Amino acid sequence: MDQKKMSDFARAVCEARDAYEAWVATGKEIGEISEGDPDYVRVRRAGEVLGDLGGITAMTAALTGFYEGEAEYLEAGRMLNWLWDGLHGWYG
């Protein structure tokens, strides 16, 4: 991977994590957010950018890098399965 793509990926991972954490901070659960909600749009867009950079492999790598603890990782995976459903082959 060239330096620019590596930099773009690192930036996209940070943006995706920030978007996800902002969504979690709203306290909304799956189903309590509509597709037009700005928090939903931000998380979806972050997933799209990751997918554009490296497909589902990049999206999975980003999720794996979000958190060290298994409980946090599993919760993020549960939420992102819904939020990223259909993006670049990601199915929840």
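Caption draft 1: Looking closely at the packing of helix α2 (residues 38-66) against helix α3 (residues 70-83). Direction vectors running N to C along α2 and α3 enclose 125°, while the axes themselves pass 11 Å from each other. Comparing the axis directions of α2 and α3 gives the class oblique. In this structure, α2 crosses over α3, and the sense of that crossing is left-handed. Taking contact as the criterion, the partners of Tyr40, Val43, Arg44, Leu63, Thr64 and Phe66 in α2 are, on α3, Tyr73, Ala76, Gly77, Leu80, Trp82 and Leu83. Here the residues of the contact of α2 with α3 sort into nine nonpolar, two polar and one charged.

Caption draft 2: Structural detail: the pattern of salt bridges. Following the criterion strictly, the structure yields six salt bridges and no others. In this structure, the salt-bridge partner of Glu48 is Arg45, at a minimum N-O distance of 3.2 Å. Of the two residues, Glu48 and Arg45 are both situated in helix α2; the distance of three residues between them amounts to about one turn of the helix. Judged by relative accessible area, which is 28%, Glu48 ranks as partly exposed. Beyond isolated ion pairs, a larger network of salt bridges with shared partners links Lys4, Asp8 and Arg11.

Caption draft 3: How the structure looks around unusual backbone geometry. Of note in the backbone geometry, His88 takes a positive phi value of approximately 50° without being a glycine. Along the polypeptide, His88 turns up in the segment after α3. A relative accessible area of 35% places His88 in the partly exposed class.

Caption draft 4: Structural detail: the confidence of the model for the protein chain. Averaged over every residue, the pLDDT of the protein chain is 86; residues scoring 70 or more account for 98%. Within the protein chain, the lowest mean pLDDT, 86, falls on α3, and the highest, 88, falls on α2.

Caption draft 5: Just the packing of aromatic side chains, in detail. Evaluation of the coordinates by the stated rule reveals six aromatic pairs. Judged by centre distance (5.2 Å) and plane angle (80°), the rings of Trp84 and Trp90 are edge-to-face. An identical accessibility class is assigned to Trp84 and Trp90; each is buried. Put simply, the rings of Tyr20, Phe66 and Tyr67 pair up and form one aromatic cluster.

Definitions and cut-offs
- Residues numbered from 1 in each chain as written.
- Predicted model: local features only at pLDDT ≥ 70, side-chain atom pairs only at ≥ 80, totals over all residues.
- Heavy atoms only, no water.
- Axes fitted to C-alpha atoms, helices over the stretch in contact; angles between N-to-C directions.
- Helix = DSSP H or I, 4+ residues; strand = E, 2+ residues; numbered from the N terminus.
- Parallel < 35°, antiparallel > 145°, perpendicular 65-115°, else oblique.
- Left-handed = near helix turned anticlockwise from the far one by under 90°.
- Contact = heavy atoms within 4.5 Å.
- Nonpolar A, V, L, I, M, F, W, Y, C, P; charged D, E, K, R; others polar.
- Salt bridge = Lys/Arg side-chain N within 4 Å of Asp/Glu carboxyl O.
- Buried < 20%, exposed > 50% of the residue type's maximum accessible area, 1.4 Å probe, protein only.
- pLDDT = per-residue confidence, 0-100.
- Phe/Tyr/Trp six-rings, centres within 6.5 Å; stacked < 30°, edge-to-face > 60°.

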